[in-house]
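Observations on chain architecture
One-letter residues, chain by chain:
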Amino acid sequence: MAAADADSTVIVRDIDALRRRIGAWRRDHQSVALVPTMGALHNGHLTLMARAQQMADRVVATIFVNPKQFGPREDLAAYPRQESTDFQMLAAAGVHLLFAPDVATMYPKGYATSVRVAGLSTMLDGAHRRGHFDGVTTVVTKLLLQAGPNIALFGEKDYQQLTIIKRLAVDLNIPVDIIGVPTVREGDGLAMSSRNAYLTAAERARAPALYRAITAAAADIAAGGDITAALAVAREKILQAGFSKIDYVDARHEETLARLKSIREPGRILAAAHMGNARLIDNVAIQRV
Ligand code: PAF
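As a starting point, this report considers the structure included with it. (Residues numbered from 1 in each chain as written. Predicted model: local features only at pLDDT ≥ 70, side-chain atom pairs only at ≥ 80, totals over all residues. Heavy atoms only, no water.)

Here's the deal with the sheet that holds strand β2 (residues 32–37)
Going by this rule: Pairs of strands are assigned from DSSP output, requiring at least two bridges between the strands. The helix count covers DSSP runs of H or I at least four residues long, the strand count covers runs of E at least two residues long, and both are numbered beginning at the N terminus. Lines fitted to C-alpha atoms define the axes here, with helix axes fitted over just the stretch in contact, and angles between the N-to-C directions of these axes take values from 0 to 180 degrees. By definition, residues are in contact when any of their heavy atoms lie within 4.5 Å.
As summarised here, the arrangement of the six strands in space is β1-β4-β3-β2-β5-β6, forming an open sheet in which the pairing is parallel. Among the strands making up the open sheet, the edge pair consists of β1 (10–12) and β6 (177–181). Between one strand and the next, the sheet's axes are offset by a mean angle of 25°, whatever the strand orientation. Sheet topology places strand β3 (residues 58–63) next to strand β4 (residues 97–99); three bridges connect them, and they run parallel. Each residue of the ladder has a partner; that of T62, found in β4, is F99. Contacts from helix α2 (residues 43–55) reach β2, β3, β5 (151–155) and β6 within the one sheet, and its direction differs from that of β5 by about 155°.

Structure below.
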């Protein structure tokens, strides 16, 4: 990767400026990695940036809190926004360019197009957050077309999102490699997420139970345990830990996200549950022994 420092990190807000800068790098045969985010950056995001730096000459981060992926009763207004702190973090991490457009730049007056990945977008999180993934796929398609990167990186923490984005890039023949990066966890196992900020101290202490429960279920299934029984035990543990509601805890095929029928298939356990004002999601691979 070409070196960048705090003084050389640039922020652009319009699409022409983004294209000019990335176009110059591409004409100079430099490879470009795109890391889309909604800001409120944490170590999980910085791990994505570090991986991007290993894989490409230039790293472009985006910060855009995309209104189209929030439902009417969701946390769009409350979503944490801290652009100047985020910019300092990106500069310290050696990111070359930050694209931070406003809503009118991404969705100008008259905007009417939506991108939908059928099937994958309406199961699991899509069944509980109707329209959410259409908002994600619409904005990610736009970002990929605006930036034209060689690769784009997304965290495995949002495993369903990652699966859907891989599908859309293939289906729409977008010439980009979509790279999944393993989830970054706190010391007690809680997956890093901007939404962890919604947890009170007491809730934060109980929240890692979600990861522990699905990890135990994955180990049980991998060792030959019954899938339905292992998932029922995990649900019980999650509720006992103080989560108020479970949206889903399910074992799915790691590529198609169809229900896992047998341990012979590559599988993953995905979960979403509510604790106080936070809705936490997590997932783990079922490591066959
Ligand atoms: O994962 C996120 O932060 C968002 O869904 C993404 C991919 C940046 C699209 O807004």
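Remarks on the site of the ligand
Stated precisely, the cut-off is as follows: Here a residue is considered near a molecule or strand provided that any single heavy atom belonging to it is located within 4 Å of it. N or O atoms within 3.5 Å of each other form a polar contact, as long as, within protein, one can give a hydrogen and the other can take it, and as long as residues adjacent in sequence are counted only when both atoms are side-chain atoms. Exposure was quantified through the Shrake-Rupley algorithm and a 1.4 Å probe, taking into account, for residues, occlusion by the shown protein chains and nothing else. Gly is placed with the polar residues, together with every amino acid not listed as nonpolar (Ala, Val, Leu, Ile, Met, Phe, Trp, Tyr, Cys and Pro) or charged (Asp, Glu, Lys and Arg).
As a structural note, the neighbourhood of the ligand is formed by P36, T37, M38, Q69, V139, F154 and Q161. Between the ligand and Q69 there is a distance of 2.6 Å, counted from an oxygen atom to a side-chain nitrogen or oxygen. The contact in question runs from an oxygen atom of the ligand to an N or O atom on the side chain of Q161, over 2.7 Å. When isolated, the ligand has an accessible area of 290 Å², and the protein chains bury 88% of it. Of the residues belonging to the shell around the ligand, the class tally is four nonpolar, three polar and no charged.

Things to note about the pattern of salt bridges
Cut-off, in case you're wondering: A side-chain nitrogen of Lys or Arg and a carboxyl oxygen of Asp or Glu constitute a salt bridge if their distance falls within 4 Å. Under the scheme applied here, a residue whose accessible area is under 20% of the maximum for its type counts as buried, over 50% as exposed, and between as partly exposed, the area being computed with a 1.4 Å probe on protein chains only.
With the rule as written, the count across this model stands at 14 salt bridges. Note that D171 and R167 form a salt bridge whose closest N and O atoms lie 2.8 Å from each other. Taken together, the residues D171 and R167, both in helix α7 (residues 159–171) and four residues apart, mark about one turn of the helix. Residue classification places D171 among the partly exposed positions, given a relative accessible area of 43%. For K245, the salt bridge identified is with D247, shortest N-O distance 3.5 Å. Look at the salt bridges and you will find they share partners, linking D125, K245, D247 and R279 into a network.

Things to note about the nonpolar core
We apply this condition: For the purposes of this section, nonpolar cores are sets of buried Ala, Val, Leu, Ile, Met, Phe, Trp, Tyr and Cys residues that join through side-chain atoms within 4.5 Å.
Residues L18, I22, V60, L144 and I178 are the most contacted members of the largest nonpolar core, which totals 41 residues. Among the secondary structure elements, those contributing two or more residues to this core are α1 (15–27), β2, β4, α6 (132–147), β5, α7 and β8 (267–275). Every residue in contact with I22, bar those within four places of it in the chain, is listed here: V32, V60, L97 and A147. By size, the runner-up hydrophobic cluster in this structure holds 35 residues, among which are M38, L199, A213 and A273.

Some details on the pairing of strand β7 (residues 245–253)
β7 sits mainly inside the fold: eight of its nine residues count as buried. Where β7 meets β8, eight bridges bridge the pair, whose relative direction is antiparallel. Counterpart to V249 in the pairing with β8 is A271.

Remarks on the pairing of β8
Working note: regular strand, side chains alternate between the two faces of the sheet. In terms of burial, β8 is largely enclosed, as nine of its nine residues are buried. Covered by surrounding structure in β8 are G267, I269, A271, A273 and M275 together with R268, L270, A272 and H274, the residues of both alternating faces. Pairing between β8 and strand β9 (residues 278–286): nine bridges, direction antiparallel. Among the inter-strand pairings, A273 is bridged to a residue of β9, identified as L280. Hairpin connection from β8 to β9: two residues lie between these consecutive antiparallel strands, with G276 at a positive phi of about 60°.

Concerning the side chain of Q30
Tracing the sequence through the fold places Q30 in the loop between α1 and β2. With a relative accessible area of 15%, Q30 lands in the buried category. Among the polar contacts made by the side chain of Q30, one reaches the side chain of D28 at a distance of 2.8 Å.

Focus: the sheet that holds β8
Here we have three strands laid out as an open sheet, ordered β7-β8-β9, and antiparallel in their pairing. Pairing within the sheet leaves two strands with one partner each, and these edge strands are β7 and β9. Direction aside, the axes of adjacent strands within the sheet are offset by 10° on average. Here helix α10 (residues 227–240) sits on the sheet in contact with β7 and β8, set at roughly 150° to β7.

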